[in-house]
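Fold and contact review
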Amino acid sequence: MQVIMEKLTKHFGETKAVQDFSVTLNDGELVCLLGPSGCGKSTVLNMLSGIIPVTSGKIYFDGEDVTKLPPEQRGIGLVFQNYALYPHMTVMGNITFPLEIQKVPPAEREARAREIAELVHMGNLLGRKPKQLSGGQQQRVAIARALVKNPRLLLLDEPLSNLDARLRLEMREEIRRIQLETQVTTIFVTHDQEEAMSISDHIVLMKDGFLQQHAAPQELYNQPANQFVADFLGNPPINNFPGKVAGDDFVMADGSRVTLGLSGKVPEGTEVNLSVRAESFVVESEQQPDRLTCTVDSVFQMGKEEMAILSFGGVHFRAYIASEYGFKPGDTVVLGLKDRGVFVFDLKTGERYI
Amino acid sequence: MIKQPQASQKSYPLNGALFALSWALMAAALPILLFLQNKWLALAAFLMGAGLLILSLLLDHSYTLRPLAARIIRYVLLVFGMLVMVFPFFWMLSSSLKTYNEMNYFPPTMFPQNWANFENFKIVFEKAPFARYFLNSVITVLGSVGVTTFTTILAAFAFSRLEFRGREILFSLLLSMMMVPFEMLVITNFQTIVKLGVYDTLYALIIPFTSSIFYTYILRNFFQSIPSGLYWSARVDGCTNWKYLWKVMVPIARPSLVTIVLLNALASWNSFMWPLLVIKSDLRRTLPFGLYHFTTEVGANFELLMAASTVTVLPMIILFLFARKQIIRGVARGGIKG
Ligand SMILES: Nc1ncnc2c1ncn2[C@@H]1O[C@H](COP(=O)(O)OP(=O)(O)OP(=O)(O)O)[C@@H](O)[C@H]1O
Ligand SMILES: [Mg+2]
């Protein structure tokens, strides 16, 4: 199902949880709603499900305006962070409950529940109570319960945050598998960028209630719309060098400069951040104006590569360096910049120039 | 007997047998008394059983010596407390089985001469319509507890789940009403009952007791502890408030509800002052009121009085014996003060 949110806004009294949020999601996609804690992800989800009314704006499901529709008429499956299983019912009871409400005959209910339980690999535990299940199993039941009535849209609010690291990895692949098998349009809320990068078709990145960028994971990483997006994605985080634009050059407070061909692209004298991903440095042999002469602070072995902490213009930063060079703390290194993963952002507005 | 803590964590099969045997011996005391009429043999069986029970408990929990001493002291205190609590009931039961002559022995005897002497009960049922009282009590309790439970569930749901303006203020107002003592309400309640034309009927006993702020408060607290995710999952699935309440909330709150029902039933069963005010006819009395009336009729025949008391109290005791676990669990969960 295609989902359109148009200028969606939600205020809780003084708090502006979501503002002017406009996004279009395509049928059959898995979209991650990503952002730091408190940025309004759950609020967006709750407005989609109809749990909370919108302050202004519109929601369309397949072209139909559902903004005022009560939750039960929206055809949505919900999975909460704490799974919200009915503790007094068995797994079977939990999965069949939505069908029971819809007055589906008992035999059909069971058949459908069994089918969906197989899909989430819970077919052999139908008689258990939620208390007797592990976190991952509870989560599967919650997904099965949300899927059993064939929702048009599946909403998952941080479904993995209660699980340990390994199970999280496993379950996110499970969720992706189930989503691909059922082809249900899915919105997955998370504040874990790695989780979002690994399973989604598209990522919607939010901050303070505003949409920052809506793009495919790689595009988000390679073409961040602004400083926030660049900072939020990537591990290790992107390196930021604050400075000024002087002609073609980028100049830092202590006079260190790099020639980047900035004139015409960035207004003269603008205060900017030169942001470079750790993997976007290359070791060069001789100094040139478009290269950085840095000092090595420390070096960590990381498999076939080394992660070095260096300083340039008084700023410490991280860079991946092939280990064949064997640098030691105190050495001087000349680093060139690759085309990819090098950006220039306005220091104040975060707007991207390059 | 003095072992390492780890070793004693296991329970031994022998111990289980010992435990069972001790209870069997204690239980055997009663039939011995009733059928063999030999109170010394019964006493011996009982004491032997009790001794074995203590032994098996000690064997089961024999950690090191100090915890053992602490355990003994604890049990002694508990047993003492139990005796203090149980003695009046024992005395009532014992007296109800004595004859008029036995009652007047001095010093008084601990046990009746004949444990199967149910003569007093027969007389009690002949002298006053206790069966009728009993029925009245049951009807009153069922009526008032039934309706109270229903209204309590609905109110607790409204105050915990539904959102409406002034909800918290309204609830605070209700809570503050709890400070008005029942005695103050008696006059207005009485007038209402008379105006309704139900004076001297069982309705008069039920109608004023069909809601309870206190139980609403307890249940509301419990309902609030149920995560809202359950509610919204159900709502998104098309579940109505009504269905959600009865299919999800009430089953989850069952332990709390059972406690509420039991406490309420007990209060209702024991209520005395109100029936005294609104019931005139002999045949509409409830048990406690009937018992009170009976006292004035039989005067100094304490053995009859004790038999009547036994009839009055026994149903509640039986109820509590059966629902002990539920009550304890409910009290622990709902945070009701004992
Ligand atoms: N019912 C409410 N009343 C008042 N403010 C609220 C309410 N719900 C959310 N907020 C506020 O709205 C903002 C967004 O909240 P929301 O729950 O959507 O964040 P989130 O992105 O889901 O965060 P998290 O990752 O921590 O779950 C927060 O500042 C929060 O304090
Ligand atoms: Mg949230």
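Residues numbered from 1 in each chain as written. Chains lettered and ligands numbered in written order. Predicted model: local features only at pLDDT ≥ 70, side-chain atom pairs only at ≥ 80, totals over all residues. Heavy atoms only, no water.

1. Describing the domain arrangement of chain A
Residues and elements named next belong to chain A. We note that the domain assignment places domain 1 (3-232) and domain 2 (239-346) within chain A. Summarising the inter-unit geometry, the C-alpha centres of domain 1 and domain 2 are found 40 Å apart. At the junction of the two partners, domain 1 supplies seven residues and domain 2 supplies eight residues. Across the domain 1 to domain 2 interface the summed buried area is about 710 Å²; carbon plus sulfur atoms make up 41%. Together, Tyr221, Asn222 and Gln227 form the three largest contributors to the area buried by domain 1 at its contact with domain 2, with a combined 66%. Our count for the contact surface shared by domain 1 and domain 2 stands at zero salt bridges. At the surface where domain 1 touches domain 2, the tally comes to five residue pairs in polar contact (both at pLDDT 80 or more). Every element with two or more residues in the side of domain 1 that touches domain 2 is listed here: helix H7 (217-222) and helix H8 (227-232). Among the elements that take part in the side of domain 1 that touches domain 2, H8 stands out by supplying three residues, more than any other. Class assignment of the residues belonging to the side of domain 1 that touches domain 2 gives a composition of three nonpolar, three polar and one charged. (Domains from an automatic or database assignment. Contact = heavy atoms within 4.5 Å. Buried area = accessible area lost by both parts, 1.4 Å probe. Salt bridge = Lys/Arg side-chain N within 4 Å of Asp/Glu carboxyl O. Polar contact = N/O pair within 3.5 Å; in protein donor to acceptor, adjacent residues only side chain to side chain. Helix = DSSP H or I, 4+ residues; strand = E, 2+ residues; numbered from the N terminus. Nonpolar A, V, L, I, M, F, W, Y, C, P; charged D, E, K, R; others polar.)

2. Re the packing of helix H2 (residues 91-101) of chain A against helix H12 (residues 241-252) of chain B
Across the interface, H2 of chain A lies against H12 of chain B with an axial gap of 13 Å and an inter-helix angle of 155°. With respect to H12 of chain B, the element H2 of chain A is oriented roughly antiparallel. You can see that H2 of chain A and H12 of chain B cross each other, and the crossing is right-handed. Of the residues in H12 of chain B, those touching H2 of chain A at Phe97, Glu100 and Ile101 of chain A are Lys243, Lys247 and Val248 of chain B. Looking at the contact of H2 of chain A with H12 of chain B, its residues break down into three nonpolar, no polar and three charged. (Axes fitted to C-alpha atoms, helices over the stretch in contact; angles between N-to-C directions. Parallel < 35°, antiparallel > 145°, perpendicular 65-115°, else oblique. Left-handed = near helix turned anticlockwise from the far one by under 90°.)

3. Regarding the side chain of Glu303 of chain B
All names here are of chain B. Secondary-structure assignment places Glu303 in helix H16 (residues 302-334). Here Glu303 sits buried without a salt bridge, and the closest side chain of opposite charge, Lys127, lies 8.7 Å off (N-O distance). Ignoring any residue separated from it by four or fewer positions in sequence, one finds Glu303 in contact with Ser95, Ser96, Lys98, Thr99, Tyr100, Met103 and Asn120. (Buried < 20%, exposed > 50% of the residue type's maximum accessible area, 1.4 Å probe, protein only. Lys, Arg positive; Asp, Glu negative; His and termini not counted.)

4. Describing the domain arrangement of chain B
All names here are of chain B. When the domains of chain B are assigned, the result is domain 1 (11-117) and domain 2 (124-334). Of note, the centres of domain 1 and domain 2, computed from C-alpha atoms alone, are 35 Å apart. The interface of domain 1 with domain 2 comprises nine residues on the first partner and nine residues on the second. Taken together, both faces of the contact between domain 1 and domain 2 bury some 710 Å²; the carbon and sulfur share is 80%. Three residues stand out in domain 1 for area buried against domain 2, namely Met92, Ser96 and Tyr100, and they jointly supply 58% of the buried area on that side. The interface formed by domain 1 and domain 2 holds zero salt bridges in total. Counting the contacts that link domain 1 with domain 2 gives zero residue pairs in polar contact (both at pLDDT 80 or more). Among the secondary structure elements, those contributing two or more residues to the side of domain 1 that touches domain 2 are helix H3 (65-96) and helix H4 (100-103). Ranked by the residues each element gives to the side of domain 1 that touches domain 2, the list is headed by H3, at five residues.

5. Here's the deal with the layout of surface pockets
All names here are of chain B. The calculated volume of the largest pocket comes to roughly 2400 Å³. Counting only elements with at least two residues in the lining of the largest pocket, the list comes to helix H1 (13-36), helix H2 (39-60), H3 and H16. When residues in the lining of the largest pocket are grouped by element, the largest group, 16 residues, is from H3. Along the lines of polarity and charge, the residues of the lining of the largest pocket split into 45 nonpolar, two polar and three charged. No fewer than three residues from each of domain 1 (11-117) and domain 2 (124-334) sit in the lining of the largest pocket. Of the pockets and cavities examined, the second largest pocket occupies roughly 860 Å³. Contributing to the lining of the second largest pocket are 29 residues, with Phe182, Pro208, Phe209, Ser211 and Ser212 lying nearest its centre. Looking at the lining of the second largest pocket, the elements that each hand over two or more residues are helix H6 (130-160), helix H8 (182-196), helix H10 (213-224), helix H13 (254-270) and helix H14 (273-278). Among the elements that take part in the lining of the second largest pocket, H6 stands out by supplying five residues, more than any other. Its residues assigned to classes, the lining of the second largest pocket shows 17 nonpolar, 12 polar and no charged. (1 Å grid on protein atoms, 1.4 Å probe; cavity = no way out; pocket = protein on both sides within 12 Å on 5 of 7 lines; lining within 4 Å. Points joined across faces, edges and corners; volume = space filled by probe spheres on them.)

6. Concerning the sheet that holds strand E19 (residues 332-337) of chain A
Residues and elements named next belong to chain A. One open sheet holds the five strands; their spatial order is E15-E19-E16-E17-E18, and the pairing between them is antiparallel. The two strands at the open ends of the sheet, each matched to only one other strand, are strand E15 (281-284) and strand E18 (315-322). Along the sheet, successive strands turn relative to each other by an average axial angle of 50°, direction set aside. Relative to E18, strand E17 (residues 305-312) runs antiparallel, the two sharing eight bridges. Each residue of the ladder has a partner; that of Met307, found in E18, is Tyr320. (Pairing = 2+ DSSP bridges.)

7. Quick word on H2 of chain A
Of all the 11 residues making up H2 of chain A, 10 are buried; the element is thus mostly covered by neighbouring parts of the structure. Considering only its buried residues, H2 of chain A is in contact with helix H3 (106-119) and helix H4 (135-147) of chain A together with helix H11 (228-236) and H12 of chain B. One or two positions beyond H2 of chain A, positive phi appears at Lys103 of chain A, with a value near 60°.

8. Topic: the site of ligand 1
Residues and elements named next belong to chain A. All residues adjacent to ligand 1 are Phe12, Thr15, Ala17, Ser37, Gly38, Cys39, Gly40, Lys41, Ser42, Thr43, Glu158 and His191. Lys41 is positioned with one of its side-chain polar atoms (N or O) 2.8 Å from an oxygen atom of ligand 1. One of the side-chain nitrogen or oxygen atoms of Thr43 is found 2.4 Å away from an oxygen atom of ligand 1. Mapped onto the shell around ligand 1, the elements with two or more residues apiece are strand E2 (15-25) and helix H1 (41-49). The greatest single-element share of the shell around ligand 1, amounting to three residues, is contributed by H1. When grouped by side-chain class, the residues that make up the shell around ligand 1 number three nonpolar, seven polar and two charged. (Near = heavy atom within 4 Å.)

9. Here's the deal with the sheet that holds strand E20 (residues 342-346) of chain A
Working definition: the strands of a sheet are paired by backbone hydrogen bonds and lie parallel or antiparallel to each other. Residue and element names in this part refer to chain A. The strand order across the open sheet built from five strands is E13-E12-E11-E14-E20, with neighbouring strands paired in antiparallel fashion. Two strands lie at the open edges of the sheet, namely strand E13 (257-259) and E20, each paired on one side alone. Direction aside, neighbouring strands of the sheet carry axes that sit 35° apart on average. As defined by bridge partners, strand E14 (residues 271-276) adjoins E20 across five bridges and the pair is classed as antiparallel. Following the sheet pairing, Leu274 is matched in E20 by Val344.

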